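This is what each chain is made of:
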Amino acid sequence: MKKWTKKELCRKLKSPDELTEMHEQISGSVYRQTFHIQPVTGLLNDPNGFIYKDGVWHLFYQWCPWGAVHGLKHWYHTTSENLINWKNLGVSIYPDTYFDNKGVYTGSAMQLGDDIYLYYTGNHRDDDWTRRSFTCMAKLTDGKLAKKYSAPLFGPCDEYTENQRDPKIVYDEETNKYYIIMGAQTKDNRGCAIIYSSSDPKFGWEYRGKLNVPGFEDFGGMWECPSLEHLGDHDILIFCPQHLTLEGHGTGTNHCGYIIGYMDYENLTFTPDGSFHVLDFGFDFYAAACCANVNEKNKAILTAWMGLPDASYPTDSENWSGCLTLPRELSIRHRRLIQRPIKGLESMRENQISPGLGMLPSSAEIAVTIYPEDFQMSLFSKKDGTGGLSINYIDKIREITIDRSNMNIRFNNENGESRTRILDNGLTHLRIFIDHSSIEIFVNDGDAVFTSRIFPEETERYFTLSDCTSINIWELNPTVKDDFVI
Ligand code: FRU
């Protein structure tokens with residue numbers, strides 16, 4: 001695998017022409033997606049600044065142009081009117097100031113008056129490579145580039161290590177203040193979230209302290225991408241604890257999950273009402289971003305990076321990696337988050353495929369209704385029915401297991417190759433979305449989701465399944481254009 005030098009990692013993009021040839025090659029890959037947001041070249045990681053305004057959804061993502069590597073990060077901008085058809089608008093924030101000289105890192109957005117403001121981490125490194133994180137702001141303009149404010153809102157807090165980043169801005173009605181919650185690491189290497197507040201979101205930010213989350217004082221070594229969302233009568237703390245192993249997740253130490261509870265901004269305390277749950281039971285899911293209370297109160301849409309830090313993917317050798325998940329709509333049931341595919345995805349269906357053929361289109365939706373009894377399905381198997389990704393459900397213990405260890409192309413095996421979840425109720429329904437290199441399995445109308453990258457070879461195009469009540473398969477139309485826009 002290519003070894004990247006610091007100089008190569010931090011190379012500045014001067015003109016789109018530098019990437020034309022690479023994009024041409026990449027767009028020929030059999031693993032390019034057709035209804036998921038993906039990078040024109042290079043690496044995509046976290047979704048950023050997810051916001052809705054005047055009929056348009058804006059979604060940015062972390063982008064490194066040069067290859068499948070965590071080099072110099074930009075904010076790449078995409079928009080949609082329906083969360084289904086997405087348009088590439090190009091880079092909105094470049095790493096071109098002192099404060100973000102080594103990357104424009106993850107952040108969020110807020111509408112203030114008629115404008116959208118973007119809050120992000122300027123990842124600064126001194127010549128000796130010491131890192132200092134600055135919390136910066138930019139205003140979205142009619143032009144391509146967001147207008148950066150010349151000075152950061154605040155710099156790093158010296159109570160923590162250099163790991164402080166990912167501002168999420170929220171407004172709290174009760175205290176009538178704006179808050180920024182960020183991920184941080186204490187000097188004794190514990191993950192936490194820290195809070196800043198201000199009466200004016202454009203200046204006057206003050207450090208308030210560490211967020212108290214009783215019972216989670218020693219939970220991982222760094223928290224990335226924390227956010228506080230309000231849904232119904234509950235608050236939700238979403239975050240990515242790192243340096244933590246979880247049962248059933250192999251040796252993987254990066255997770256993305258949530259705690260439901262109550263947030264007290266006055267006392268900087270989030271009181272959990274339940275435990276930490278992973279958001280998704282699949283293999284590739286991280287840095288979830290939520291856009292809540294849009295249009296209707298209680299509506300919250302979530303998307304995430306279909307990838308993991310410190311992991312490599314089969315398309316790395318093609319100089320691209322990463323994509324975002326389909327947006328999901330959140331709700332709460334029995335103190336758990338339910339994630340349903342957003343409404344309207346049916347419009348992607350092109351034609352119905354006869355299941356009798358036992359063959360899978362490269363972009364497909366599969367809906368299966370199941371009697372609540374044992375069930376097996378194998379996707380991407382070979383013509384003789386062997387191999388593939390298996391879904392296995394044992395009714396007696398209500399346990400569903402996804403296993404990708406029999407695919408020809410295996411990757412990140414150390415994070416485990418099977419994932420299991422005990423369902424609250426028997427398995428009755430699966431809604432599966434397959435793109436060229438991903439699979440999202442929604443179980444029982446959003447009770448659990450398994451999201452994974454998958455890289456089937458030419459011979460892995462078949463499926464088999466045990467008895468079920470009904471199965472429908474549709475080939476899906478492309479909805480995300482692979483336009484080369486920088
Ligand atoms: C999470 C993360 C963030 C950081 C960004 C850099 O994947 O490490 O903490 O801001 O990615 O791309």
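Residues numbered from 1 in each chain as written. Predicted model: local features only at pLDDT ≥ 70, side-chain atom pairs only at ≥ 80, totals over all residues. Heavy atoms only, no water.

**Some words on the overall build of the protein chain**
So, step 1. Looking only at helices and strands, the protein chain features two helices and 33 strands.
So, step 2. Taken against the 2.2 N^0.38 rule, which gives 23 Å for 486 residues, the C-alpha radius of gyration of the protein chain at 22 Å falls within 12% of a compact globule.
So, step 3. Dimensions along the principal axes, computed over C-alpha positions, put the protein chain at roughly 65 × 50 × 45 Å.
So, step 4. Considering the protein chain as a whole, with its 486 residues, one finds that 59% of them fall into the buried category. (Helix = DSSP H or I, 4+ residues; strand = E, 2+ residues; numbered from the N terminus. Rg over C-alpha atoms; globule rule 2.2 N^0.38 Å. Buried < 20%, exposed > 50% of the residue type's maximum accessible area, 1.4 Å probe, protein only.)

**A few points about the site of the ligand**
So, step 1. Neighbouring residues of the ligand: N45, D46, Q62, K73, Y105, T106, R165, D166, E224, Y286 and W305.
So, step 2. Contact distances for the ligand include 2.7 Å between an oxygen atom and a side-chain N or O atom of Q62.
So, step 3. If the ligand stood free it would expose 310 Å²; the protein chains cover 92% of that surface.
So, step 4. Among the elements of the structure, β1 (42-53), β5 (104-112) and β9 (160-172) are those that each provide at least two residues to the shell around the ligand. (Near = heavy atom within 4 Å. Polar contact = N/O pair within 3.5 Å; in protein donor to acceptor, adjacent residues only side chain to side chain. Areas by Shrake-Rupley, 256 points an atom, 1.4 Å probe, with all protein chains shown as cover.)

**Digging into the environment of G257**
So, step 1. Here G257 is to be found in strand β15 (residues 257-264).
So, step 2. Sequence separation between G257 and T34 is 223 residues, and the spatial gap between their C-alpha atoms is 27 Å.
So, step 3. What G257 contacts, discounting residues up to four positions off in sequence, is L237, I238, F239, F276, H277, V278 and L279. (Contact = heavy atoms within 4.5 Å.)

**Quick word on the side chain of S92**
So, step 1. By the element assignment, S92 lies in strand β4 (residues 86-93).
So, step 2. Among the residues examined, S92 registers a relative accessible area of 1% and is labelled buried.
So, step 3. Residue contacts for S92: discarding those within four places in its chain leaves F60, W75, H77, L140, K144, L145 and A146.

**Overview of the pairing of strand β27 (residues 399-406)**
So, step 1. Across six bridges, strand β26 (residues 388-394) lies against β27 in antiparallel orientation. Each bridged residue has a counterpart across the sheet, and for G388 the counterpart in β27 is N406.
So, step 2. In sequence, β26 turns back onto β27 through a hairpin of four residues, with R398 there showing a positive phi of about 50°.
So, step 3. Here β27 runs beside strand β28 (residues 418-422); their pairing, made up of five bridges, is antiparallel. When the bridges of β28 are listed, D403 appears paired with S418. (Pairing = 2+ DSSP bridges.)

**Some thoughts on the environment of I51**
So, step 1. Residue position: I51 is located in strand β1.
So, step 2. Using a relative accessible area of 8% as the deciding quantity, one classes I51 as buried.
So, step 3. It is 25 Å that separates the C-alpha atoms of I51 and L211, two residues lying 160 residues apart in sequence.
So, step 4. Apart from residues no more than four positions distant in its own chain, I51 is found in contact with V56, W57, H58, A109, M110, Q111, I116 and C291.

**Considerations on helix α2 (residues 17-26)**
So, step 1. L19, M22, H23 and I26 are the residues of α2 that are buried. For α2, the angular spread of the buried residues around the axis is 105°, confining them to a single face. With respect to the buried face of α2, the exposed residues turned more than 90 degrees away are D17, E21, E24 and Q25.
So, step 2. Contacts from the buried residues of α2 go to β1, β2 (56-64) and β20 (320-321). (Arc of directions from axis to C-beta.)

**What to know about the pattern of salt bridges**
So, step 1. In total, this model carries 25 salt bridges according to the counting rule given.
So, step 2. Between R165 and E224 there is a salt bridge, with the nearest N and O atoms lying 2.7 Å from each other. In this pair, R165 is assigned in strand β9 and E224 in strand β13 (residues 222-231), connecting sequence segments 59 residues apart. Here R165 and E224 have matching classes, each one buried.
So, step 3. Here D280 makes a salt bridge to R328, at a shortest N to O gap of 3.2 Å. You can see D280 sitting in the loop between β17 (277-278) and β18 (286-292) and its partner R328 sitting in strand β21 (residues 328-333), a full 48 residues away along the chain. Neither residue differs from the other here; D280 and R328 are each classed as buried.
So, step 4. When salt bridges that share partners are traced, they join E346, R349, E365 and R431 into one network. (Salt bridge = Lys/Arg side-chain N within 4 Å of Asp/Glu carboxyl O.)

Taken by themselves, the reported measurements are silent on function.
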